[in-house]
Amino acid sequence: RVTRGSYLQSFFLLPYYDFSTNKEFLEGHLEHDFKGFIMGKIPVLNWLKSNLVISGKFLMIRDNSPYTEFGIALDNLGWSKFRLLRAGFVQNHFEGVTERGFNLGISF
């Protein structure tokens, strides 16, 4: 899937057409970037100079079960001054079904 815009404004695994609605909804996106605090302390991995990022997202629509998504990613991957890559793992949960996926992106 292609995600356009900010990581904080989109879902990774959400089937958008299944959740399109004209009803009221509540949507939330949280993300925390540890800015090297964790990765800088792990031997061997600290040479990557990457940042660990965790995220949580949810969508609630009237008369539907809530949709949730959780992710973990490595940001600031690359070489020298070209550290634009982000690679992550994401898992969603909706009505007792869990799906998992990987994402790879470019952040500016």
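In what follows, the structure referred to is the one given above.
Because the structure is predicted, anything quoted here is derived from the model rather than measured. (Residues numbered from 1 in each chain as written. Predicted model: local features only at pLDDT ≥ 70, side-chain atom pairs only at ≥ 80, totals over all residues. Heavy atoms only, no water.)

1. Here's the deal with the pattern of salt bridges
Stage number 1. Counting across every chain of the model gives four salt bridges.
Stage number 2. Salt-bridge contacts for arginine 86 lead to glutamate 31; the nearest nitrogen and oxygen are separated by 3.1 Å. Placement of the pair is arginine 86 in strand S4 (residues 82-94) and glutamate 31 in strand S1 (residues 25-33), with a sequence separation of 55 residues.
Stage number 3. Of the charged contacts, one joins aspartate 33 and lysine 35 as a salt bridge, the two residues approaching to 3.8 Å between their closest N and O atoms.
Stage number 4. Owing to a relative accessible area of 22%, aspartate 33 belongs among the partly exposed residues under this scheme. (Salt bridge = Lys/Arg side-chain N within 4 Å of Asp/Glu carboxyl O. Helix = DSSP H or I, 4+ residues; strand = E, 2+ residues; numbered from the N terminus. Buried < 20%, exposed > 50% of the residue type's maximum accessible area, 1.4 Å probe, protein only.)

2. Things to note about a nonpolar patch on the surface
Stage number 1. On the surface, Trp79, Leu84, Leu85, Ile106 and Phe108 cluster together into a nonpolar patch covering about 620 Å² of accessible area.
Stage number 2. Within the element layout of this structure, isoleucine 106 appears in strand S5 (residues 97-106). (Patch = residues over 30% accessible without salt bridge, like charges linked within 9 Å, V, L, I, M, F, W, Y side chains within 5 Å. Areas by Shrake-Rupley, 256 points an atom, 1.4 Å probe, with all protein chains shown as cover.)

3. Considerations on the sheet that holds strand S2 (residues 51-61)
Stage number 1. Read across the sheet, five strands follow the order S1-S2-S3-S4-S5 without closing on themselves; strand pairing throughout is antiparallel. What marks the edges here is a single partner per strand, and that holds for S1 and S5. Between one strand and the next, the sheet's axes are offset by a mean angle of 15°, whatever the strand orientation.
Stage number 2. Where strand S3 (residues 67-79) meets S4, ten bridges bridge the pair, whose relative direction is antiparallel. In the strand pairing of S4, leucine 74 is matched with alanine 87. (Pairing = 2+ DSSP bridges. Axes fitted to C-alpha atoms, helices over the stretch in contact; angles between N-to-C directions.)

4. Quick word on the side chain of arginine 86
Stage number 1. The class of arginine 86 is buried, set by a relative accessible area of 6%.
Stage number 2. Within the local environment of arginine 86, its side chain forms a polar contact with the side chain of glutamate 31, the two groups lying 3.1 Å apart.
Stage number 3. With residues up to four places along the chain from it excluded, the contact list for arginine 86 reads Tyr7, Glu31, Val53, Ala73, Leu74, Asp75, Asn103, Leu104 and Gly105. (Polar contact = N/O pair within 3.5 Å; in protein donor to acceptor, adjacent residues only side chain to side chain. Contact = heavy atoms within 4.5 Å.)

5. Here's the deal with the packing of aromatic side chains
Stage number 1. This structure, assessed with the given rule, holds six aromatic pairs.
Stage number 2. Relative to phenylalanine 94, the ring of phenylalanine 19 lies with its centre 4.9 Å away and its plane at 70°, an arrangement referred to as edge-to-face. Linking phenylalanine 19 in helix H1 (residues 16-19) with phenylalanine 94 in strand S4, this pair joins segments that are 75 residues apart in sequence.
Stage number 3. Judged by relative accessible area, phenylalanine 19 falls into the buried class, the value being 10%.
Stage number 4. Of the aromatic side chains, those joined through ring pairs into one cluster are Phe11, Phe19, Tyr67 and Phe94.
Stage number 5. A cation over a ring is seen here: lysine 41 above phenylalanine 37, with NZ or CZ 4.3 Å from the ring centre.
Stage number 6. The ring of tyrosine 7 has arginine 86 lying over it, and the distance from NZ or CZ to the ring centre is 3.9 Å. (Phe/Tyr/Trp six-rings, centres within 6.5 Å; stacked < 30°, edge-to-face > 60°. Lys NZ or Arg CZ within 6 Å of the ring centre and 35° of its normal.)

6. Things to note about unusual backbone geometry
Peptide bonds are mostly trans, and most non-glycine residues show a negative phi.
Stage number 1. Here the phi dihedral of aspartate 63 falls at roughly 70°; this positive angle occurs in a residue that is not glycine.
Stage number 2. Positionally, aspartate 63 belongs in the loop between S2 and S3.
Stage number 3. A positive phi angle is found at asparagine 76, which is not glycine, with a value near 70°.
Stage number 4. The topology assignment puts asparagine 76 in strand S3.
Stage number 5. Look at asparagine 76 and you get partly exposed, because its relative accessible area is 22%.

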